[in-house]
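Here is what each chain is made of, one letter per residue.
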Amino acid sequence: MSQSSTASVDAARPTGELMPAPAGKPRKVPRVVVLGGGTVGLYSARRLRRRLGKREAAIVVVDPRPYMTYAPFLPEAAAGSIDPRNVVAPHRRALKNVDVLQGHVTQIEHANRRVQITPIEGDSYWVTYDHLVVGLGSVARTLPIPGLAEQGIGFKNVEEAIALRNHVLGRIDVAASTWDPELRRKMLTFVFVGGGFAGIEALAEVEDMARYAVRKYKQIEPEELRFVLVEGSPRILPEVSEELGGYTLEQLRKRDIEIFLSTFLSSCVDGRIVLSNGTEFDAETVVWTAGVKANPVLQQSDLPLDHMGRVICNATLQVTDEDGTVVADAWAAGDCAAVPDLYNPGKFCPPNAQHALREGNHIGDNLALVLRSAQPTEYKHRNVGAVASLGMYKGVAQMFGRIKVRGFLAWVLHRTYHVFAMPTFNRKLRIAAGWTGSVLLRREVVALGSLHDPRAEFRAASAPPKPKVEQVSQATAPTDGASGGESLPPYKAEKDSPAAKEQARKA
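From a predicted model like this one, the values you see are computed outputs, not experimental measurements.

Participant: Got a sec to walk through the overall build of the protein? Specific residues and values, please.
Facilitator: Looking only at helices and strands, the protein has 14 helices and 25 strands in total. The proportion of buried residues among the 507 residues of the protein is 50%. Within the protein, counting contacts between residues at least 6 apart in sequence, those at least 24 apart form 66% of the total. As presented, the protein carries roughly 25100 Å² of accessible surface, and 54% of it is formed by carbon and sulfur atoms.

The following block contains the structure:
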């Protein structure tokens, strides 16, 4: 076990527990630094704290957000079925007797047993450690598609899910008061790119919510809503059997969702959607769910990575070199790690919540064993199945590889499985209560788009007043020949009047 520490490192930290030991003296309590407060980070820290007392290990979790997001519930949060606050587990509540640092990991020097942390505000600083757990997760895997960075919306965190919900409902609100048919069509067209679990659930839940919402709008016909799915492979939901994938495809098409398989997004500049099969149309909404990649900050480390940028590790979740040699005091799991799947030799565990949760617990158990001079055990988990929600009372599920469920029962299995997997009893109870309320009171479909720029109205009120324009009599205003001689609206008359033009010329 390494006990490296220098007097200068961590000196910027005011917390005594994170101050380094005096030079040349080992720490009395080994420090475990967990990078990432997502599923792997939260569960590994919780399990390790349960296994070891505060006098046996000091645990530090580093993450830029003060909470863990339970990703499987993001589609329901986007559809308004779950309060967004209830799909996250606050670190301060879930991680008792664990130090939490809010900031970005910007560099990892495992050879020196230290990581660089950049807080939301202030200068970067270094934190030393004795053992490292890497659970930095993944980010959206984007492609250099023209217009994607400007037009696209991701679906990796709760902020994006709620932004998508407000955006879709906001477009419906605006379209209801817009008479230009081309503009309305563009506003009411929603494109989802990616046919995996994240994309299909997001599309199905948001479409279900939008259909429910437009029933309250007399100005919008249900047929005006257009939802489009673009998937590069010849099938959707590769995590389940072709039979269930085909069933899902059929159900989505029955809901008038357009599906383009073996097709790629070529461009979306200024909302002009161009597909690889030559199809073109306009849309103001492009949701990108086409895969993930390991957190790029791992490139700023001395840890061994594979060709996909993931940390290489063995079945005990210890980091290894390419030749299989264990890197002392380093552990990794989740989306950012290449974890061998012992039930499928030659393959790696898929990047989903089911494995991340169990891998996090296993790291906590193994690290506790190592700190007590015992041997770690191998991680093994046979996939118990896959469940997906397709909107209210609709879903698909495949349990233990053989049992195929669809419809209402699959929807119940989806909710039951994930509410039990959600950390903390507080969140389980709140989610269940929210579902009960939705059944009794129906879900709320109001857009709160101003949340994303709450100061916009205040800035407008604070702007200096515009110069007063000379009022022109309605009787002397010019007429529009195309309108049958009717007077123009007052604002148009003022703008085009001779007096206004003369005033503008003099200015």
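Participant: I'd like a rundown of the sheet that holds strand β16 (residues 280-282), residues and numbers included.
Facilitator: Read across the sheet, three strands follow the order β14-β15-β16 without closing on themselves; strand pairing throughout is antiparallel. Single-partner strands in this sheet number two, and they are β14 (265-267) and β16. This sheet shows a mean twist of 35° between the axes of neighbouring strands, independent of strand direction. As judged from the two bridges shared by β14 and strand β15 (residues 272-275), these two strands associate in the antiparallel manner. Among the inter-strand pairings, Ser-267 is bridged to a residue of β15, identified as Val-274.

Participant: Now, about the pairing of strand β7 (residues 125-128): what can you tell me, with residues and values included?
Facilitator: Of the two faces of β7, the one lined by Tyr-125 and Val-127 and the one lined by Trp-126 and Thr-128 are each fully buried. The pairing of strand β6 (residues 114-119) with β7 spans four bridges and is classified as antiparallel. For Arg-114, the partnering residue across the bridge sits in β7 and is Thr-128. Between β6 and β7, which pair antiparallel and follow one another directly, the connecting turn spans five residues, one of which, Gly-122, has a positive phi of 105°.

Participant: Report on the pairing of β15, specifying residues and quantitative values.
Facilitator: In β15, alternate side chains face the same way, and those of Ile-273 and Leu-275 are buried while those of Arg-272 and Val-274 on the opposite face are not. Between β14 and β15, which pair antiparallel in sequence order, lie four residues; one of them, Asp-270, sits at a positive phi of approximately 55°. Pairing of β15 with β16, which is carried by three bridges, proceeds in the antiparallel orientation. Bridge pairing links Ile-273 to Phe-281 in β16. The antiparallel hairpin formed by β15 and β16 contains four residues in its connecting segment, where Gly-278 sits at a positive phi of about 95°.

Participant: Please provide a residue-by-residue account of unusual backbone geometry, values included.
Facilitator: For residues other than glycine, phi is negative in most cases, and the peptide bonds are mostly trans. In this structure, Asn-97 takes a positive phi of about 60° despite not being glycine. Secondary-structure assignment places Asn-97 in the loop between α3 (91-94) and β5 (99-109). For Asn-97, a relative accessible area of 51% corresponds to the exposed category. Phi angles above zero are rare outside glycine, and Asp-270 is one such case at about 55°. Residue position: Asp-270 is located in the loop between β14 and β15.

Participant: Which residues make up the confidence of the model for the protein, and what values do they have?
Facilitator: In this model, the protein carries a mean pLDDT of 86, and residues with pLDDT of at least 70 account for 86%. Contacts for the low-pLDDT stretch residues 19-24, under 50 throughout, to residues beyond four places or in other chains number 12 contacts. Per-residue pLDDT stays below 50 along residues 474-500; that stretch engages in 19 contacts with residues further than four places along the chain or on separate chains.

Participant: Which residues make up the environment of Leu-74, and what values do they have?
Facilitator: Its place among the elements puts Leu-74 in helix α2 (residues 74-78). Taking the C-alpha atoms as reference points, Leu-74 and Glu-159, separated by 85 residues in sequence, lie 9.5 Å from one another.

Participant: So what's going on with the packing of helix α5 (residues 158-175) against helix α7 (residues 197-214)? Which residues, and what values?
Facilitator: Taken N-terminus to C-terminus, the directions of α5 and α7 make an angle of 35°; their axes are 11 Å apart at the nearest point. When you trace α5 past α7, the crossing you get is right-handed. Residues Leu-164, Arg-165, Val-168, Leu-169 and Ile-172 of α5 form the contact with α7, whose own contacting residues are Val-206, Met-209, Ala-210, Ala-213 and Val-214. Its residues assigned to classes, the contact of α5 with α7 shows nine nonpolar, no polar and one charged.

Participant: Could you give an account of the sheet that holds strand β17 (residues 285-288), with specific residues and numbers?
Facilitator: A sheet is described by the order of its strands in space; here five strands give the open sequence β10-β17-β11-β12-β13, paired in parallel fashion. The outermost strands of the open sheet, each flanked by one partner alone, are β10 (152-153) and β13 (258-260). In this structure, strand β12 (residues 226-230) lies alongside β13, joined through three bridges in parallel fashion. Looking at the pairing, Leu-229 lines up with Ile-259 of β13. Against the sheet, α7 makes contact with β11 (189-193) and β12, and its axis sits at roughly 175° relative to β12, the strand it touches most.

Participant: Help me get a handle on the packing of aromatic side chains, residues and values and all.
Facilitator: A ring pair, where both rings are aromatic, is described by two values, the distance of the centres and the angle of the planes. Within this structure, the stated rule accounts for seven aromatic pairs. Three or more aromatic residues joined by ring pairs form one cluster here, namely Tyr-70, Phe-73 and Trp-435. Sitting over the ring of Trp-126, Arg-114 keeps its end group 3.8 Å from the ring centre.

Participant: Account for the pattern of salt bridges, with residues named and values stated.
Facilitator: One pass over the structure, following the stated rule, counts 20 salt bridges. We note a salt bridge from Arg-47 to Asp-365, for which the minimum N-O separation is 2.8 Å. A residue pair is termed long-range when its members are at least 10 positions apart, and Arg-47 in helix α1 (residues 39-51) and Asp-365 in helix α9 (residues 353-371) qualify at 318 residues. Salt-bridge contacts for Glu-224 lead to Arg-184; the nearest nitrogen and oxygen are separated by 2.9 Å.

Participant: Please set out the environment of Arg-442 residue by residue, giving values where relevant.
Facilitator: In this fold, Arg-442 is placed in the loop between α11 (425-441) and α12 (456-462). The sequence separation of Arg-442 and Ser-81 amounts to 361 residues, and the corresponding C-alpha distance is 9.2 Å. Aside from chain neighbours lying at most four places away, what touches Arg-442 is Tyr-212 and Gly-437.

Participant: An account of a nonpolar patch on the surface is requested, with residue identities and associated values reported.
Facilitator: Where nonpolar side chains cluster on the molecular surface, the patch consists of Tyr-393, Phe-408, Leu-409, Val-412, Val-439, Leu-440 and Leu-441 and spans about 730 Å² of accessible area. If you list the elements that add at least two residues to the nonpolar patch, you get α10 (408-421) and α11. With respect to the secondary-structure elements, Leu-441 resides in helix α11. A relative accessible area of 71% means that Leu-441 is categorised as exposed.

Participant: Which residues make up the side chain of His-355, and what values go with them?
Facilitator: Tracing the backbone shows His-355 in helix α9. Within the local environment of His-355, its side chain forms a polar contact with the side chain of Tyr-379, the two groups lying 2.9 Å apart.

About the criteria used
Residues numbered from 1 in each chain as written. Predicted model: local features only at pLDDT ≥ 70, side-chain atom pairs only at ≥ 80, totals over all residues. Heavy atoms only, no water. Helix = DSSP H or I, 4+ residues; strand = E, 2+ residues; numbered from the N terminus. Buried < 20%, exposed > 50% of the residue type's maximum accessible area, 1.4 Å probe, protein only. Contact = heavy atoms within 4.5 Å. Areas by Shrake-Rupley, 256 points an atom, 1.4 Å probe, with all protein chains shown as cover. Pairing = 2+ DSSP bridges. Axes fitted to C-alpha atoms, helices over the stretch in contact; angles between N-to-C directions. pLDDT = per-residue confidence, 0-100. Left-handed = near helix turned anticlockwise from the far one by under 90°. Nonpolar A, V, L, I, M, F, W, Y, C, P; charged D, E, K, R; others polar. Phe/Tyr/Trp six-rings, centres within 6.5 Å; stacked < 30°, edge-to-face > 60°. Lys NZ or Arg CZ within 6 Å of the ring centre and 35° of its normal. Salt bridge = Lys/Arg side-chain N within 4 Å of Asp/Glu carboxyl O. Patch = residues over 30% accessible without salt bridge, like charges linked within 9 Å, V, L, I, M, F, W, Y side chains within 5 Å. Polar contact = N/O pair within 3.5 Å; in protein donor to acceptor, adjacent residues only side chain to side chain.

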